[in-house]
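Chain residues, written in single-letter form:
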Amino acid sequence: MVQSAALTSLVEHACREVPYYQQLFREHGLKPEHIRTVEDLPRIPSTSKADLLKCDPDALLSRSADRARLHYDCSSGSSGKPFGVHFDRCYIQNRNLRFLRGLWAAGYRPGKRLMLMTDRGDSKGRPWMNWKQVSVEMEAQEMLGTLRKFRPQVLYGFGTPLRNLIEFCKSSGEVWPADCRVVWTAETLDPCTRRHLESITGSPICDFYGMTEMGLVAWQCSAQQGYHLANESIVSELVPLSQQSADRQLILTNLTLYAMPLIRYETGDLAELMEADTCSCDSRLPRLRQVQGRVIDTLKFPDGHRISPYALINRLELVAGLNAFQVIQRREDHVDLTVQVPYDRRSAVDAQIRNILAEVIQPYASFDIHYTQRLDMNRPGKFRCVRSDLLTDSPCEPDSLS
Ligand SMILES: [Zn+2]
């Protein structure tokens, strides 16, 4: 009900003020009055990042927005094309509150020491709030020193630098600070990585899912039973990739972004909804069971068969001793799996991994397994544990939230 009222108002605004939506509605014979409830939303065609990149950037902005006062942010995108999003002050307040709400669910309380490891690490943070920002570029050794000195009770950070820090802590023979909760963001937290890192930190890691265009979309609370959706601010739909496909793409409508409305925005991420029941944290917000990886990382084979990233992740997570892995498809008829396993565990995991690939990949393509002591995660862009290099038209990339 609240969502529908906010949606009606947003759609009326977009059709009155934003050339892109005026044209989209005109082309599809739609009028704002056709969209009265959330159930009417699928009548509006979805919009991908590629669609928006083709537009004149001015056509995406509200005519009534005070351009000089808009905040600009850039979403990187694995296709390499930057995509600019403009925010008004009201939206930024809503985005910040959503971020705080997610942090609260992860155990943060005002006054606690919070360390943010982001690409905005050069800013001074908010020392009066006990917040400290550090750059993701900082070396793990220096980062660990900063962590020891600042003693955060909550550490929020991008996936790869977090992993580097936690693994460095272990390899240096140090013990992870017992009262430091970890919040992971901006990269898929696959079950192997989670298990491996939690065995070092000794406490659950909360995963946040969001993107520059939307801010925080869904978060894990400390109960870790799915991802709570920010339902009051964002309408989430799960739409099948095709009529035959069981894979569903997450499509989002931000109800508070008026300067540059994003209505039925294709995230490029596959996800699965949880059945309606209440989380043990008592929140009634609907939940995603998991974010299943990127649509572009769906493996595609010569006969047209496709496998979602999670078909492999779900199987590989069952292999004990597998600390990290990466599946890369460079050709339709071949898949490479690189696994990070301690040397003395290789023979124990090899047969299990081979069986999984024989079952999941071999009917469609050949495969090779490569062993490494340490996966190379420093390739430009965010680490994806299942990566297809076949398709390059990336709709958008999960990005920084803070
Ligand atoms: Zn919960």
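Provided above is the structure to which this section pertains.
Quick word on the overall build of the protein chain
1) Next: Within the protein chain, the regular secondary structure consists of 9 helices and 19 strands.
2) Next: Against the globule reference of 21 Å for 402 residues, the protein chain gives a C-alpha radius of gyration of 22 Å, in line with a compact fold.
3) Next: Overall, the protein chain is about 65 × 60 × 40 Å in size when its C-alpha atoms are taken along their principal axes.
4) Next: The buried share of the protein chain, taken over its 402 residues, is 55%.
5) Next: Nonlocal contacts in the protein chain, meaning residues at least 24 apart in sequence, comprise 62% of its contacts between residues at least 6 apart.
6) Next: Summing over all exposed atoms, the protein chain offers an accessible surface of approximately 18,000 Å²; the carbon and sulfur share of this is 50%.
7) Next: Taking the average location of the 49 positive side-chain charges in the protein chain and that of its 49 negative ones, the two points are 4 Å from each other.

A look at the pattern of salt bridges
1) Next: Evaluated as defined, the whole model comprises 20 salt bridges.
2) Next: Ionic pairing is found between Glu167 and Arg163, a salt bridge with its closest N-O pair at 3.6 Å. With Glu167 and Arg163 both in helix α6 (residues 159-171), this residue pair falls 4 residues apart, about one helical turn. Each of the two residues, Glu167 as well as Arg163, counts as buried.
3) Next: A salt bridge links Glu272 to Arg289; its shortest N-O distance comes to 3.1 Å. Of this pair, Glu272 sits in strand β12 (residues 265-273) while Arg289 sits in strand β13 (residues 287-294); the two residues are 17 residues apart in sequence, bridging distant segments of the chain.
4) Next: On the accessibility criterion, Arg289 (32% relative accessible area) is partly exposed.
5) Next: Linked through salt bridges whose partners overlap, the residues forming this network are Arg163, Glu167 and Arg374.

Remarks on the coordination of the zinc ion
1) Next: Looking at the metal site, the zinc ion is ligated by Cys221 (SG), His228 (NE2), Cys279 (SG) and Cys281 (SG), spaced 2.1 to 2.3 Å from it.
2) Next: Classification of the site at the zinc ion rests on its 4 donor atoms, whose angles at the metal span 107 to 113°, yielding the label tetrahedral.
3) Next: Between the donor residues of the zinc ion, the gaps in sequence give the motif C-x6-H-x50-C-x1-C.
4) Next: Assessed through its relative accessible area of 2%, Cys221 is described here as buried.

Thresholds applied
Residues numbered from 1 in each chain as written. Predicted model: local features only at pLDDT ≥ 70, side-chain atom pairs only at ≥ 80, totals over all residues. Heavy atoms only, no water. Helix = DSSP H or I, 4+ residues; strand = E, 2+ residues; numbered from the N terminus. Rg over C-alpha atoms; globule rule 2.2 N^0.38 Å. Buried < 20%, exposed > 50% of the residue type's maximum accessible area, 1.4 Å probe, protein only. Contact = heavy atoms within 4.5 Å. Areas by Shrake-Rupley, 256 points an atom, 1.4 Å probe, with all protein chains shown as cover. Lys, Arg positive; Asp, Glu negative; His and termini not counted. Charge placed at Lys NZ, Arg CZ, Asp CG, Glu CD. Salt bridge = Lys/Arg side-chain N within 4 Å of Asp/Glu carboxyl O. Donors = N, O, S within 2.8 Å, 3.2 Å for Na, K, Ca; no water. Tetrahedral: all angles 85-135°; square planar, octahedral: opposite > 155°, others 65-115°.

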